[in-house]
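# A closer look at the structure
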Amino acid sequence: MAIRNNDAVIVGVGQTEISKQSGRSELQLAAEASLLALNDAGIAPEDVDGMITYTIDNNDEVGLCRCLGVKDLKYTVRVPQGGGGSVVTIFQAMAAVKSGVADVVLIWRAMNERSQYRFGRPVPAGRIPVGGGSTFMEWAMPFGAQSPGSWEALVAQAYMKKYGVTNADFGMVSVLLRKHAATNPAAWFYKKPITIDDHQNSRWIAAPVLRLLDCCQESDGGVAIVVTRMDRARDLKQKPVKIHGAVHTMLPNHEIITNYYHSQDLTRAALSETVTKRLKKTARIAPAETQVAMIYDNFTPQIFTQLEGFGYCKRGEAKDYIAGGNLELYGKSPLSPNGGHIGEGYIHGMNLISEGVRQARGTAVNQVKNVETVFLGSGVSGAIIGVV
Amino acid sequence: MADDASLRGGVATRPDPIVTVDSSAFWAGADRGELIIQQCGDCTTFYHPPRPMCPKCHTTAMRPVKANGRGTIYSYCIPIHPPSFGFAAPPIVALIDLEEGVRIVSNVVGIEYEKVTNGLKVEVEFEPTEGGHQVPVFRVTTKKKAR
């Protein structure tokens, strides 16, 4: 593939430990992860001139600049829709450096979503839940659907019914990701694999769809990514990882998790289908043609529907695709070799991006062989990256 | 039974709705015992959740109208853990496809969880909230009442 001076490249990743109690502020986690990423890249913190995070990150750009000693910040943007928008940060960073509005863009996400607040817990009446006011979650609250698991289950139950999928089928994803995490020392569930019986014996969160082991973890931690242009990347410490393409989509009446209103049939991942179409055009590579699949796993059914939406298999065939071993480390489309959100921890999509970069560099703990390109997918957004 | 899930000693414990300017007609209707959906004043398309502008003809003449209250269960789940605020027992949460062609989140009451299935016909009724408001919930249509 051709290399151009204005190609957007990922040159640094940083990740704090993932825990259930970080013992420090979210701002400190953001600052530590940012410094790790900048040191990884070999870029002085004062050279950062762009910053990107989520609308719902609790940290402030000014606060982070104050820690890092950023001198002249030219560009900031925050992306909507929580973790579903995680890969949108890569799209925005790419757009910023390619257009020249910023030279060194720092992306961060840092959260104490286990020790400081509980991200997965029901939210009391009168409060707009995590995710903010951009979606229609408030329509679910007085009916007792007050947590991400219950919102997710209403869509997934329709999928189960239509395609004859059981909760034990979803358990295949849990077992696989815990197996990957078991050999990743950075994972919360390092050396703790599970069996399908463990999955089936875990308690119901939202029956008949989600058990405890279908859910991602609540974790404390921070992750940061540094993006710049190829002309600047040549002198840096790491082999640059090129962003071959990155896209974001929002379709009529779609929402990030209470996604009930877009069509009569909720079993179709239309957002992911659109991401796939656009990625094929811009990156000239389809997600299924990459060697690693870093796909957002807040809940196991999301892997099923995204595999179909991102074109790994046809609609209704995810169960067979997974059962066929395709997502194993030696399979056709290894899924989240770090263990994903279910096994490593849940830094809201960002620890899937950092693992994707390590896989592209060839430096991951559970390294997939002969990686040329990696797919980063989070429902409404997707990117294809690789060393050139 | 599921319809007792939000009552404790006969006192309503169900959370009050989160009312915004654009959703106020729906919740005011529920307080009166009416299921309100939104209809475009120009092109007559039905909408839910409500919005201040019709995405087809861009009028702001959106009007609240009373739905006939009949629908079908599209999907359901039972949020078991952690317990939902305001519910002594796990409620049956469902997506209900109304006959007018819009979908709403609600509860199915008066039926055991094991008997709920996709496609059951339901009819609206109302349950109180802790602050003295009401929300629409649905009960499976009995043959006698079916039309």
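Residues numbered from 1 in each chain as written. Chains lettered and ligands numbered in written order. Predicted model: local features only at pLDDT ≥ 70, side-chain atom pairs only at ≥ 80, totals over all residues. Heavy atoms only, no water.

## Focus: the sheet that holds strand β5 (residues 62-66) of chain B
One key point about sheets: their strands pair by backbone hydrogen bonds, in either a parallel or an antiparallel sense. Residues and elements named next belong to chain B. Pairing is antiparallel across the open sheet formed by 3 strands, whose spatial order is β4-β3-β5. Both outer strands of the open sheet, β4 (46-47) and β5, are each paired with one neighbouring strand and no more. Of the strand pairs in this sheet, strand β3 (residues 36-40) and β4 are connected by 2 bridges, and their pairing is antiparallel. Each bridged residue has a counterpart across the sheet, and for Gln-39 the counterpart in β4 is Phe-46. (Pairing = 2+ DSSP bridges. Helix = DSSP H or I, 4+ residues; strand = E, 2+ residues; numbered from the N terminus.)

## Examining the interface of chain B and chain A
At the junction of the two partners, chain B supplies 41 residues and chain A supplies 38 residues. Taking both partners together, chain B and chain A bury about 3300 Å²; carbon and sulfur atoms supply 65% of that area. Summed over the shared surface of chain B and chain A, the result is 0 salt bridges. Run the count over chain B and chain A and you get 16 residue pairs in polar contact (both at pLDDT 80 or more). When residues of the side of chain B that touches chain A are traced back to their parent elements, those giving at least two are α1 (24-31), β6 (70-79), β7 (93-98), β8 (103-109) and β10 (134-140) of chain B. With 6 residues, β6 of chain B is the largest single contributor of residues to the side of chain B that touches chain A. By residue class, the composition of the side of chain B that touches chain A is 25 nonpolar, 10 polar and 6 charged. Where strand β5 (residues 204-207) of chain A meets β6 of chain B, 2 bridges bridge the pair, whose relative direction is antiparallel. Residue pairing for β6 of chain B: Ala-206 of chain A is matched across the bridge by Pro-79 of chain B. (Contact = heavy atoms within 4.5 Å. Buried area = accessible area lost by both parts, 1.4 Å probe. Salt bridge = Lys/Arg side-chain N within 4 Å of Asp/Glu carboxyl O. Polar contact = N/O pair within 3.5 Å; in protein donor to acceptor, adjacent residues only side chain to side chain. Nonpolar A, V, L, I, M, F, W, Y, C, P; charged D, E, K, R; others polar.)

## Considerations on helix α2 (residues 61-68) of chain A
Inspection of α2 of chain A places Glu-61, Gly-63, Leu-64, Cys-65 and Leu-68 of chain A among the buried residues, and these make up the whole buried set. Packed against the buried residues of α2 of chain A are α1 (26-41), β2 (50-54), β3 (75-79) and β4 (105-112) of chain A. (Buried < 20%, exposed > 50% of the residue type's maximum accessible area, 1.4 Å probe, protein only.)

## Digging into the pattern of salt bridges
All names here are of chain A. Counted according to the given criterion, the structure contains 23 salt bridges over all chains. A salt bridge links Arg-268 to Glu-273, with the nearest nitrogen and oxygen atoms 3.0 Å apart. Overall, Arg-268 belongs to the partly exposed group, its relative accessible area being 40%. If you follow the salt bridges from partner to partner, you end up with Glu-17, Arg-24 and Glu-32 in one network.

## Considering the packing of aromatic side chains
Residue and element names in this part refer to chain A. Scanning the entire structure with this criterion turns up 12 aromatic pairs over all chains. Ring centres 6.3 Å apart and planes at 80° place the aromatic pair Tyr-159 and Phe-304 in the edge-to-face group. Taken as a pair, Tyr-159 in helix α4 (residues 148-163) and Phe-304 in helix α9 (residues 300-309) lie far apart in primary sequence, 145 residues in all. For Phe-304, a relative accessible area of 0% gives the class buried. Judged by centre distance (5.9 Å) and plane angle (65°), the rings of Tyr-260 and Tyr-261 are edge-to-face. Each member of the pair, Tyr-260 as well as Tyr-261, is classed as buried. Ring pairs connect the aromatic residues Tyr-159, Tyr-163, Phe-170 and Phe-304, which therefore count as one cluster. Directly above the aromatic system of Trp-204 lies the positively charged group of Arg-211, at a separation of 3.9 Å from the ring centroid. (Phe/Tyr/Trp six-rings, centres within 6.5 Å; stacked < 30°, edge-to-face > 60°. Lys NZ or Arg CZ within 6 Å of the ring centre and 35° of its normal.)

## Quick look at the sheet that holds strand β11 (residues 381-387) of chain A
Residue and element names in this part refer to chain A. Within the open sheet, the 9 strands sit side by side as β3-β2-β4-β7-β1-β8-β11-β10-β9. Their pairing is mixed. A single partner strand is all that each edge strand has here, and the edge strands are β3 and β9 (292-295). Going across the sheet, the axis of each strand differs from the next one's by a mean of 25°, ignoring polarity. Pairing of β9 with strand β10 (residues 374-378), which is carried by 4 bridges, proceeds in the parallel orientation. Paired with Met-294 across the strands is Leu-376, a residue of β10. (Axes fitted to C-alpha atoms, helices over the stretch in contact; angles between N-to-C directions.)

## A word on the pairing of β5 of chain A
All names here are of chain A. Summarising the sheet, β5 and strand β6 (residues 210-211) pair through 2 bridges and their orientation is antiparallel. Bridge assignment links Ala-206 to a residue of β6, and that residue is Leu-210. Counted between consecutive antiparallel strands, the loop separating β5 from β6 contains 2 residues.

## Focus: the packing of α4 of chain A against α9 of chain A
Residues and elements named next belong to chain A. One can describe the packing of α4 onto α9 by two numbers: an axis separation of 10 Å at closest approach and a directional angle of 60°. Considering their axes alone, α4 and α9 lie oblique with respect to each other. For the pair α4 and α9, the crossing hand works out as left-handed. Counted together, Glu-152, Ala-156 and Tyr-159 of α4 and Pro-301, Gln-302, Phe-304, Thr-305 and Glu-308 of α9 form the full contact between these two elements. (Parallel < 35°, antiparallel > 145°, perpendicular 65-115°, else oblique. Left-handed = near helix turned anticlockwise from the far one by under 90°.)

## Comments concerning the side chain of Ser-333 of chain A
Counting through the fold element by element, Ser-333 of chain A comes out in the loop between α10 (318-323) and α11 (340-343). For Ser-333 of chain A, the residues in contact, after removing those within four places along its chain, are Ala-293, Tyr-312, Tyr-321, Asn-326 and Leu-327 of chain A.

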